[in-house]
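Secondary and tertiary structure notes
Below are the chains, spelled out letter by letter.
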Amino acid sequence: MSAEERRESVIRAAITEFARGGYAATSTEAIAKRVGVSQPYLFRLFPNKQAMFLAAAERCFADTRKVFSGAAEGLEGSEALHAMAAAYQRLIVDDPDKLLMQMQMYAAVAAAEAAGDHEFGESARAGWLQMRDEVHLALGADDDETTTFLAYGMLINTLASLGFPAGHRIWSGFYDSARPTA
C-alpha cells in the first residue's frame, strides 16, 4: 500500500475511532491498531493526534458536501432541498460514524475553545462555512432556506444521536424527505 493509500486508511479509521470515543478518549494506538500499522508509522503520516482528528473532520465535511451536491445536481428550490434532505438521511443511516464524528467534532472544538485553543476550531469552522456556502448556492442563495435547512439538519443530528427511532412521534413535524426510514 502506498503512503497515500495508508493515509486514507488512517483517516477512515480515525473517523470510526473518534466517532465512537471522542477526541480526548481516543488513543492514537487504537487508530493504529484499526489500520494495522505501528504508532510510529502513524506519526510519519500525521504529525500528531490533532492532525488526525482534523483530517477526519475535514473528510466528514467533504463527504457531506459531496452527498449534498450530488443530490441537488440539476435541481432547484424545493426539489434540491428535499433531494439533499433525503440524501443526508441516507448518509447518516448508512454510515452512522459520519453523524457521530460530526457531533464529536462540535464537542472537541467547544472544549478546545474553552481551554483557550482557538486554532483547533479554525479548520472545523472553515469546513462548516464551505458546506454552508455550497448548500446556500444549491438552494438558490436564499438565506432563509439555507438557515432552515441547516437548522433542521442540526436537529436531525441531535435526535438521531439521541437514538429516536424512525416512526417515533418526534419526527412528525419534519417534511417526509427529512424523516428517517425504518
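Since this is a predicted model, take the numbers as computed values, not measurements. Every chain is numbered on its own, with residues counted from 1 as its sequence reads. Selection of residues for local features in this predicted model requires a pLDDT of at least 70, selection of side-chain atom pairs for listing and counting requires 80 or more, and totals for whole chains, interfaces and linings are taken over all residues. Only heavy atoms go into the side-chain values, all of them from the structure, while hydrogens and water stay out.

1. Some details on the side chain of Thr16
- Each helix is a run of DSSP H or I of at least 4 residues and each strand a run of E of at least 2, with the numbering of both proceeding from the N terminus. Position of Thr16 among the secondary structure elements: in helix H1 (residues 3-25).
- Whenever two N or O atoms come within 3.5 Å, that pair is a polar contact, provided that in protein one can donate a hydrogen and the other can accept it, and provided that, for residues adjacent in sequence, both atoms are side-chain atoms. Within the structure, Thr16 has its side chain in polar contact with the side chain of Asp97 (distance 3.3 Å).
- In what follows, residue pairs with any heavy atoms lying within 4.5 Å of each other are defined as contacts. Setting aside chain neighbours within four positions, we find Thr16 in contact with Arg34 and Asp97.

2. Looking at the packing of aromatic side chains
- Only Phe, Tyr and Trp rings take part, Trp by its six-membered ring, and two of them pair if their centres are within 6.5 Å. Stacked means planes under 30 degrees apart, edge-to-face means over 60, and tilted covers everything else. A complete count under the given rule lists 11 aromatic pairs for this structure.
- Between Tyr23 and Phe53 the ring centres are 5.1 Å apart and the planes differ by 75 degrees, which places this aromatic pair in the edge-to-face class. Residue Tyr23 is found in helix H1, and its partner Phe53 is found in helix H4 (residues 49-72); the two are separated by 30 residues along the sequence.
- Each residue is placed in one exposure class: buried if its accessible area under a 1.4 Å probe, protein chains only, is under 20% of its type's maximum, exposed if it is over 50%, and partly exposed if it falls in between. Judged by its relative accessible area of 25%, Tyr23 is partly exposed.
- Taken together, a centroid distance of 5.4 Å and an interplanar angle of 70 degrees make the contact between Phe68 and Phe149 edge-to-face. Of this pair, Phe68 sits in helix H4 while Phe149 sits in helix H8 (residues 143-161), placing them 81 residues apart in sequence.
- Classification of Phe68 as buried rests on a relative accessible area of 6%.
- Owing to a relative accessible area of 6%, Phe149 belongs among the buried residues under this scheme.
- Members of the aromatic cluster, each reached through a chain of ring pairs, are Phe18, Tyr23, Phe53 and Phe120.

3. Describing the environment of Arg44
- In this fold, Arg44 is placed in helix H3 (residues 39-45).
- Residue Arg44 is classed as exposed on the basis of its relative accessible area of 66%.

4. So, the nonpolar core
- Nonpolar cores were defined as sets of buried Ala, Val, Leu, Ile, Met, Phe, Trp, Tyr and Cys residues, with membership established by side-chain atoms within 4.5 Å. Within the largest apolar cluster, 53 residues are counted, with the highest numbers of intra-cluster contacts made by Val10, Phe18, Ile31, Phe53, Met84, Met101 and Phe149.
- Put simply, the parts of the chain that give this core at least two residues each are H1, helix H2 (28-35), H3, H4, helix H5 (77-94), helix H6 (96-114), helix H7 (120-138) and H8.
- Per-element accounting of this core gives the leading share, 11 residues, to H4.
- Among residues more than four places away in sequence, those in contact with Met84 are Phe68, Ala71, Ala72, Val135, Ala138, Leu139 and Phe149.

5. Overview of H1
- Multiplying 1.5 Å by the residue count of a helix minus one yields the expected span of that helix. Taking 1.5 Å as the rise per residue, H1 with 23 residues should run 33 Å; its terminal C-alpha atoms sit only 26 Å apart, a clear shortfall.
- At every residue, the bend is computed as the angle between two fitted axes, covering the seven residues ending there and the seven beginning there respectively. Bending of H1 peaks at approximately 80 degrees at the position of Ala19.
- Within the span of H1, buried status applies to Ser9, Val10, Ile11, Ala13, Ala14, Ile15, Thr16, Glu17, Phe18, Ala19 and Gly22.
- In this structure, the buried residues of H1 make contact with H2, H3, H4 and H6.

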